[in-house]
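Coordinate inspection notes
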Amino acid sequence: MTEQENAGAGQRPEAGQGGTGGGPQPASFGWSKVLLVVTGLAGLVALGYLGVQEAMRSRLASDGMTAPKLQMERYAGGKLSLADLKGKVVMLDFWATWCPPCEAEMPSLIKLAKEYEGKGLVFVAASRDEMPDAPLYVQEFIVSRMPELGPYVVYAPDELATVFQVTALPTLYFLDKEGRVIDAQRGMLSESELRRRVERALSQ
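What comes next is a walk through the structure.

How each quantity is defined
- Residues numbered from 1 in each chain as written.
- Predicted model: local features only at pLDDT ≥ 70, side-chain atom pairs only at ≥ 80, totals over all residues.
- Heavy atoms only, no water.
- Helix = DSSP H or I, 4+ residues; strand = E, 2+ residues; numbered from the N terminus.
- Polar contact = N/O pair within 3.5 Å; in protein donor to acceptor, adjacent residues only side chain to side chain.
- Contact = heavy atoms within 4.5 Å.
- Buried < 20%, exposed > 50% of the residue type's maximum accessible area, 1.4 Å probe, protein only.
- Phe/Tyr/Trp six-rings, centres within 6.5 Å; stacked < 30°, edge-to-face > 60°.

**Observations concerning the side chain of Arg 197**
If you trace the backbone, Arg 197 turns up in helix 6 (residues 191-203). Of the polar contacts made by the side chain of Arg 197, one reaches the side chain of Gln 185; its length is 3.3 Å. In contact with Arg 197, other than residues within four places in its own chain, are Phe 174, Asp 183, Ala 184, Gln 185 and Leu 189.

**So, the side chain of Ser 127**
The topology assignment puts Ser 127 in strand 4 (residues 121-127). On the accessibility criterion, Ser 127 (1% relative accessible area) is buried. Ignoring anything within four residues of it in the chain, the contact list for Ser 127 reads Trp 95, Val 138, Val 153, Val 154, Tyr 155 and Ala 156.

**Overview of the packing of aromatic side chains**
Following the criterion strictly, the structure yields 5 aromatic pairs and no others. Here Phe 94 and Tyr 173 contribute two aromatic rings whose centre-to-centre distance is 6.5 Å and whose plane-to-plane angle is 85°, an arrangement assigned as edge-to-face. Note that Phe 94 is positioned in strand 3 (residues 89-95) and Tyr 173 in strand 6 (residues 171-175), a separation of 79 residues in sequence. Each member of the pair, Phe 94 together with Tyr 173, is buried. Each member of the aromatic cluster is reached from another via a ring pair, and the members are Phe 94, Phe 164 and Tyr 173.

Take a look at the structure:
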């Protein structure tokens, strides 16, 4: 606004003195300055958020990393290795029964897993409840709160959590059809953001 103030007939008149138009500055002058300040602050907040997101992503397993061939016990019985899922896009969620954000996010993950199963998506809900009691905790959680979760649950060993740098829950990964990391997120996501990431992963 300085350029606009100084353009034209020179110095801005003091209050009470005459000037071009003989009256006070338009009210829109003050509001435009406020708008510029608010816009600038919003830009700084956005940059800060992106910076935090980038920093969080940098502390997770990097894109292109191949999932290890570790065997995991399934809640429903049998074993599963991520290597067995080649040819599918894998939505790998590290969670625990004691984690409120995990519980809040899980219905959206289950919904999307069912919706996109026919398009090649496989959901793996990797429990980080402590062994040897994890099966008891998970069973109580599934029976009392989320029966639809059962088919997707495996028990993630410490070795797998270390490889995927799981230091907080929930932590979500997407693996491509070759078993390589293509996306990751630490912390809960909305259903709309989860859907966006699922569709992006399936399109690669």
